[in-house]
Amino acid sequence: MKDPMSLIDAGRAPAAAAPLLPVLGADLRVPLTDGTSARYVNLDYAATAPALASVAERVAATLPYAGSVHRGAGVPSRVASAWYEQARETVARRLGARPDDAVVFTRNTTDAINLLAACLPAAGAGAGDVVTLDVEHHANLLPWRRTAAGHRTVRHAATLAETLERLDAALAARPATLLAITGASNVTGEVLPLAELTALARRHGARTFVDAAQLAPHRAIAIAADGIDYLALSGHKAYAPYGAGVLVGRADWLDRAAPYLAGGGAVLDVTLDDVVWATGPRRHEAGTPNLAGAVALAAALEAIAPLPREAHEAALRDAVLTGLAAIDGVSVARIWEDAGAAIGTVAFKVDGYEPGQVSACLSAEHGIGVRAGRFCAHPLMARLGLPGGALRASFGAGSMMEDADRVLDAVRPLVAEGPAETYIKTDGGWAPRDDRRDLAAWAAS
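Predicted model only: the values in this text are computed from it and were never measured.

A.B. asks: Could you clarify how one ought to interpret the environment of A56 in this entry?
C.D. replies: Structurally, the position occupied by A56 is in helix α2 (residues 53-62). The buried category is assigned to A56, whose relative accessible area is 18%. The spacing of A56 and V191 is 135 residues in sequence and 29 Å in space, taken between C-alpha atoms. Dropping the residues within four chain positions of it, A56 is found in contact with L24 and Y242.

A.B. asks: What is the right way to look at the environment of P432 in this model?
C.D. replies: Mapped onto the elements, P432 comes out in strand β19 (residues 429-432). Separated by 117 residues in the primary sequence, P432 and A315 have C-alpha atoms spaced 33 Å apart.

A.B. asks: Even after reading the chapter, I still don't get the side chain of T90, so can you show me in this structure?
C.D. replies: Counting through the fold element by element, T90 comes out in helix α3 (residues 75-94). Not counting chain neighbours up to four residues away, the residues in contact with T90 comprise A298 and E302.

A.B. asks: Please explain the nonpolar core as it appears in this structure.
C.D. replies: Nonpolar side chains tend toward joint burial in soluble globular proteins. V91, L95 and L231 are the most contacted members of the largest nonpolar core, which has 78 residues in total. Residue contributions to this core peak at 12 residues, all from helix α8 (residues 291-304). L231 has contacts with L95, F209, V210, A212, I221, I223, V246, L247 and V248, leaving out every residue within four places of it along the chain. Judged by nonpolar contacts, the second largest core, of 31 residues, contains L316, L324, L362 and F395.

A.B. asks: Any chance you could explain the pattern of salt bridges here in plain terms?
C.D. replies: Close approach of charged atoms allows side chains with opposite charge to pair. Tallied over the entire structure, the rule returns 23 salt bridges. The partner of R39 in a salt bridge is E402, and the shortest N-O contact between them spans 3.3 Å. Of the two residues, R39 is situated in strand β2 (residues 37-39) and E402 in helix α12 (residues 401-417); the sequence distance between them amounts to 363 residues.

A.B. asks: How should helix α10 (residues 355-366) be read in this particular structure?
C.D. replies: Since the α-helix packs 3.6 residues into each turn, any two residues three or four apart lie on the same face. Here α10 contains 12 residues, and its C-alpha end-to-end distance of 16 Å stays within 8% of the 16 Å for a straight helix at 1.5 Å per residue. Buried residues dominate α10, accounting for 10 of its 12 residues. Turning to α10, its buried residues number three or more, namely P355, G356, Q357, V358, S359, A360, C361, L362, A364 and E365. One or two positions beyond α10, positive phi appears at G367, with a value near 70 degrees.

A.B. asks: Help me out: how do you make sense of the packing of aromatic side chains in this one?
C.D. replies: Aromatic ring pairs are reported here in terms of the distance separating the ring centres and the angle at which the planes meet. Overall, the coordinates contain 5 aromatic pairs when judged by the stated rule. With centroids separated by 5.2 Å and ring planes inclined at 75 degrees, the aromatic side chains of Y65 and W83 adopt a geometry described as edge-to-face. One end of the pair, Y65, is in the loop between α2 and α3; the other, W83, is in helix α3, with 18 residues separating them in the sequence. Ring geometry for Y230 against W253: centres 5.4 Å apart, planes inclined by 20 degrees, an arrangement best described as stacked. Here Y230 is found in strand β9 (residues 230-234), whereas its partner W253 is found in helix α7 (residues 251-256), with 23 residues between them in sequence. With a relative accessible area of 0%, Y230 lands in the buried category. Across the ring face of W83, the terminal group of R58 is positioned such that the distance to the ring centre comes to 4.7 Å.

Definitions and limits used
Residues numbered from 1 in each chain as written. Predicted model: local features only at pLDDT ≥ 70, side-chain atom pairs only at ≥ 80, totals over all residues. Heavy atoms only, no water. Helix = DSSP H or I, 4+ residues; strand = E, 2+ residues; numbered from the N terminus. Buried < 20%, exposed > 50% of the residue type's maximum accessible area, 1.4 Å probe, protein only. Contact = heavy atoms within 4.5 Å. Core = buried A, V, L, I, M, F, W, Y, C linked by side-chain atoms within 4.5 Å. Salt bridge = Lys/Arg side-chain N within 4 Å of Asp/Glu carboxyl O. Expected span 1.5 Å × (residues − 1). Phe/Tyr/Trp six-rings, centres within 6.5 Å; stacked < 30°, edge-to-face > 60°. Lys NZ or Arg CZ within 6 Å of the ring centre and 35° of its normal.

Following this line, the structure appears as structure tokens:
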């Protein structure tokens, strides 16, 4: 059998006819309420992407060498230490970091943003506040509210061009230390012009932070080339769901700040009365580091780097958008009228149904997983006129055109005929009222 990648590259196969790389769970079959089963269609990549098969293999090969990182003379410890630092170097290279940028491993993007928030210069002495747009995930809103210098939010406009003008005016109105922006909306998938935003911030003497949790799995990242000062992402959204994230950026703020965690590994010397803290990444990586997570994240970034991700996802996104537009009573959410670029994420609403009811139907009757709710972006959802939430279909390297067809084939009869089952709200969300499946027993079998 020919490699599907070679067929796509050669133009001899339909766009997105096959996944770009094998992912775990691709052959999972799930029980449906009518007594049959179906291949599970994962359209929830924006929340947690499946692990690449190659990443799982890399982690399995790492575990026998799980010695104490940086703290042992035994061979496993020395190997683990070397692999951990190699992972740091790989992440820096794949994200296009500057040679002197710090790469600090964290638990996830939220953890990384809270770390940076704790490292901002103290208020006063010319230090300004943190500026964000109202389109951000809560992780890129809430941590900045705790900073001494304060936080302000700029409301987005109908176009990206006007939104940049509003940011320009806001930064000119009073000093800001940091412009914190998302790389791609976790709700609609729309991509922001990072090079333009970083240049805008520099004109006003501000640094930039990019929440790349959504962007990094789907696009190449160029920290140095785009003038980004700090960037964070999560492994679990980038095909390495083993609990690691990363903060990459300029070392000066990080070295001057108090250690994020106080404990072993972050120190040079400790007495009963004093402590000398380390500088560099180890200053903020106290405790035993997550070797498997760091190795998985590095392996995932290496694996996806050469993939034609943009073209693959564009084909899937266009198919879903075109199909939804042809269904009466279905509307698609959009932030900007002039946003041309987007990752593989589509948010939509079905008239007459709560989003949770639709997602339960897609799962129980069709074996499709989508997300329903407000996606940790409550201010944006309110601005979009969706205070009660929406549905989100998101895809990536393990997706294929059959997945797009499946969700459209499920939404059409729902709109035309209604669901086959009766759904009720429970403490755990919407579910079939008379669900005859024993999912716990099925999963254990």
